[in-house]
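Coordinate analysis (summary)
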Amino acid sequence: MVKDSYLVGLIGAGIGPSLSPVLHEREADRQGLRYLYRRIDIDELGVAPDAVGELVRAARDLGFDGLNITHPCKQLVIEHLDALAPQAEALGAVNTVVFDDGRAVGHNTDVTGFAASFARGLPDAPLERVVQWGAGGAGAAVAHAMLTLGAGHLTVVDALPDRAAELAAGLNRHFGPGRAVAAAPDDRLPALLGGADGVVHATPTGMAAHPGLPFAADSLRPGLWVAEVVYRPLETELVRAAREAGCAVLDGGGMAVFQAADAFRLFTGREPDSVRMLADIEELAGAAGAAPVPS
């Protein structure tokens, strides 16, 4: 049912600087909607990530229309939902929950958001061999997006080798044998990047709370494209180093906008204007400087 008043929220840790609330509320204002977007920060509440189930139930009971879910709850929330959309089930990660007739249904707009951003920002990028750094909730979405976009072979690197191996195995089950392999972040990384067409970064490194580079800048070279998921700042240390090295670069702003637009559509049944939202993110992220934001 399409209506004109909505209450939604974001559950995650350290989400104070998130731009999701203002992205949603600005678009709602332009469409003449009453739209209140609340942050539900587990750090401020002093609760553990596994409290996400209680928070989802409370939001449903309080009349919320839906929730966005971010780090570190995207995978933990699944067991507390009544149903999953096919894409969320395949990913094993949820970033959007819609309350429908008392049921909590999980979706994932990270994969569609990243795919739309990549197609827009790096439309001619070669995709035969891609390295991805990060195998968490956002990493799972980005990996599915890359293989859906046509990446021939994806190497997943993570500080937790078992997590990388689990993601690679799931990708091979879904997309076919041999499409993905796991690797540890060891001395072989320069060789992996040396033979790759591009690299996707899908960890919190680069946020203010997690400054720095995910890997050494001397691994970057002209001809390698670099895609980032962190969007505040839009120019992370990785984005800056990649540009200086002569790489084609995609910052995290597009993914933030397109996943938000998809979530807005799920919450309201209305079509968002992603062009206006892209202008919003440029203005808002630029004005905010180097504050952190989970995707």
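Everything that follows concerns the structure shown earlier in this document.
Residues numbered from 1 in each chain as written. Predicted model: local features only at pLDDT ≥ 70, side-chain atom pairs only at ≥ 80, totals over all residues. Heavy atoms only, no water.

Turning our eyes to something else, we now look at the packing of helix α6 (residues 137-148) against helix α7 (residues 161-175). Where α6 meets α7, the axes come as close as 11 Å, and the angle between the chain directions of the two elements is 35 degrees. Considering how the two elements wind past one another, α6 and α7 form a crossing that is right-handed. Side by side, α6 and α7 meet where G139, A140, A143, H144, L147 and T148 of the first sit next to L167, L171, H174 and F175 of the second. Considered class by class, the residues forming the contact of α6 with α7 number 6 nonpolar, 4 polar and no charged. (Axes fitted to C-alpha atoms, helices over the stretch in contact; angles between N-to-C directions. Helix = DSSP H or I, 4+ residues; strand = E, 2+ residues; numbered from the N terminus. Left-handed = near helix turned anticlockwise from the far one by under 90°. Contact = heavy atoms within 4.5 Å. Nonpolar A, V, L, I, M, F, W, Y, C, P; charged D, E, K, R; others polar.)

All right, on to the nonpolar core then. Among the nonpolar cores identified, the biggest contains 32 residues, and F114, F118, M146 and W225 are the most heavily contacted of them. Where this core is concerned, the elements lending two or more residues are α5 (110-121), α6, β8 (153-157), α7 and β11 (225-228). Here the element with the most residues in this core is α6; it accounts for 7 residues. Contacts of F118, omitting those with residues within four sequence positions, involve P123, A125, L127, M146, L149, W225, A227 and L250. If you look at the next biggest cluster of nonpolar residues, it comprises 19 residues, including I11, I42, L81 and F99. (Core = buried A, V, L, I, M, F, W, Y, C linked by side-chain atoms within 4.5 Å. Buried < 20%, exposed > 50% of the residue type's maximum accessible area, 1.4 Å probe, protein only.)

Right, let's get into the pairing of strand β5 (residues 96-100). By the criterion of burial, β5 is predominantly enclosed, with 4 of the 5 residues buried. With 3 bridges connecting them, strand β3 (residues 66-69) and β5 associate as antiparallel partners. Its bridge partner being in β5, N68 is matched across the sheet by T96. Sheet topology note: the β5/strand β6 (residues 103-107) ladder contains 5 bridges and is antiparallel. (Pairing = 2+ DSSP bridges.)

Our focus in this paragraph is the pattern of salt bridges. Evaluation of the coordinates by the stated rule reveals 15 salt bridges. The partner of R276 in a salt bridge is E27, and the shortest N-O contact between them spans 2.8 Å. In this pair, R276 is assigned in helix α11 (residues 274-288) and E27 in helix α1 (residues 20-30), connecting sequence segments 249 residues apart. Between R265 and E271 there is a salt bridge, with its nearest N and O atoms 2.9 Å apart. Looking at E271, the relative accessible area reads 54%, which means it is exposed. (Salt bridge = Lys/Arg side-chain N within 4 Å of Asp/Glu carboxyl O.)

Residues of helix α9 (residues 237-244) that are buried include every one of L238, V239, A241 and A242, and no others. Down the axis of α9, the smallest arc covering the buried residues is 165 degrees, so these residues share one side. Residues of α9 that are buried make contact with β10 (198-201), β11 and β12 (248-250). Just beyond α9, the residue with positive phi is G246, at close to 90 degrees. (Arc of directions from axis to C-beta.)

This brings us to the pairing of β6. Extensive coverage of β6 is indicated by the burial of 4 of its 5 residues. Both strand β4 (residues 83-84) and β6 contribute to a ladder of 2 bridges, which runs parallel. Its bridge partner lying in β6, A83 is registered against V105. The turn joining β5 and β6, which pair antiparallel and follow one another in sequence, is formed by 2 residues; a positive phi near 55 degrees is taken by D101.

Where α1 meets helix α10 (residues 253-268), the closest approach of the two axes is 10 Å, and the angle between their N-to-C directions is 55 degrees. Here α10 runs oblique to α1, going by the angle between their axes. Considering only the axes of α1 and α10, their crossing is right-handed. Contact residues: S20, L23, H24, E27 and A28 in α1; A256, Q259, A260, A263, F264 and F267 in α10. The residue makeup of the contact of α1 with α10, split by class, is 7 nonpolar, 3 polar and 1 charged. (Parallel < 35°, antiparallel > 145°, perpendicular 65-115°, else oblique.)

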